[in-house]
Amino acid sequence: MENNRIELAQESDKNEILALYRSMIGGKADWNEYYPSMKTIEFDLSRDALFVMKNDAGEIIACISIDEDEEVSELECWSDDLQPSGEISRLCVRKDMQNKGIARLMMKHTFEILKQQGKKSVHILVRPEHKIALKSYSHLDFVKVGECEMFGKSFYCFEKKFD
């Protein structure tokens, strides 16, 4: 674990990231063959908003995106006094590496980047069925501030104020 490194994803990482996303189809995040897609990855790469964790062998074991979704940002539940806020999404940890604290490390890394960008908080949408993610986010001091329907699905809305 000590030798794992988090870095900005590169163009050369695209296929491996897509394979990681595809390995999660059927899971609690409710991803499918259409989302997240190569187009999603390319959008994140174009904004320097996709981060990966690689192991000693250079394999991608996790990824996370700083998202820019106007529809999500315009939800009424976000606290006015915590603006500007960032959004994180598409947090993914390879199945054989789950439950080792990697998701939290990825989140904390993006928190630091968002703070450097002048953000006061971060928000995320989580599927109600995704119990592991819900537990993890509560350990990171996220607060449930609402619920919404987006993309034809139900989500809980969580936000976290930066220190």
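Refer to the structure above for everything that follows.
Residues numbered from 1 in each chain as written. Predicted model: local features only at pLDDT ≥ 70, side-chain atom pairs only at ≥ 80, totals over all residues. Heavy atoms only, no water.

### Quick word on the pattern of salt bridges
And then number 1: By the definition in use, this model includes 14 salt bridges.
And then number 2: The partner of Glu11 in a salt bridge is Lys14, with the nearest N and O atoms 2.9 Å apart.
And then number 3: Lys14 gets classed as buried once you look at its relative accessible area, which sits at 15%.
And then number 4: The partner of Glu59 in a salt bridge is Arg94, with the nearest N and O atoms 3.5 Å apart. Of this pair, Glu59 sits in the loop between strand E2 (50-54) and strand E3 (60-67) while Arg94 sits in the loop between strand E4 (85-93) and helix H4 (102-116); the two residues are 35 residues apart in sequence, bridging distant segments of the chain.
And then number 5: Taken together, the salt bridges that share partners define one network made up of Asp44, Arg47, Asp67, Glu68 and Arg90. (Salt bridge = Lys/Arg side-chain N within 4 Å of Asp/Glu carboxyl O. Buried < 20%, exposed > 50% of the residue type's maximum accessible area, 1.4 Å probe, protein only. Helix = DSSP H or I, 4+ residues; strand = E, 2+ residues; numbered from the N terminus.)

### Section: the sheet that holds strand E1 (residues 5-8)
And then number 1: Taken in spatial order, the seven strands line up as E1-E2-E3-E4-E5-E7-E6 in an open sheet, and their pairing is mixed. Since the sheet does not close on itself, it has two edges, and those belong to E1 and strand E6 (143-150), each with one partner. Across the sheet, the mean angle from the axis of one strand to that of its neighbour is 30°, orientation sign disregarded.
And then number 2: Across the sheet, helix H2 (residues 38-46) is in contact with E2, E3 and E4; its angle to E2 comes to roughly 100°.
And then number 3: Packed on one face of the sheet, helix H5 (residues 131-139) meets E4, strand E5 (121-126) and strand E7 (153-161) and runs near 165° to E5. (Pairing = 2+ DSSP bridges. Axes fitted to C-alpha atoms, helices over the stretch in contact; angles between N-to-C directions. Contact = heavy atoms within 4.5 Å.)

### Considerations on the pairing of E4
For a regular strand, side-chain orientation follows a simple rule: the groups alternate between the two sheet faces.
And then number 1: Buried residues dominate E4, accounting for eight of its nine residues.
And then number 2: As paired elements, E3 and E4 share five bridges and run antiparallel to each other. Considered in E4, the bridge of Ser65 is made with Ser89.
And then number 3: Pairing of E4 with E5 involves three bridges; the strand directions are parallel. Along E5, the bridge assignment pairs Ser85 with Ser121.

### Focus on H5
And then number 1: All buried positions along H5 are accounted for by Ala133, Leu134, Ser136 and Tyr137. Seen from one end, H5 has its buried residues packed into an arc of 165°, which puts them on one side. In H5, the exposed positions that point more than 90 degrees away from the buried face belong to Lys131, Ile132 and Lys135.
And then number 2: Backbone geometry just after H5 places Asp141 at a positive phi near 70°. (Arc of directions from axis to C-beta.)

### Focus: unusual backbone geometry
And then number 1: Following Tyr35, the chain continues into Pro36 via a peptide bond in cis, with omega recorded as -10°.
And then number 2: Tracing the backbone through its elements, the reader meets Pro36 in the loop between helix H1 (14-22) and H2.
And then number 3: Between Gln83 and the following residue, Pro84, the backbone shows a cis peptide bond with an omega angle of 0°.
And then number 4: Among the structural elements, Pro84 can be located in the loop between helix H3 (70-73) and E4.
And then number 5: In this structure, Arg90 is a non-glycine residue whose phi angle is positive, near 55°.
And then number 6: For Arg90, the location among the structural elements is in strand E4.
And then number 7: Although it is not a glycine, Asp141 sits at a positive phi angle of roughly 70°.
And then number 8: Relative to the helices and strands, Asp141 resides in the loop between H5 and E6.

Just geometry here; none of it tells us what the structure is for.
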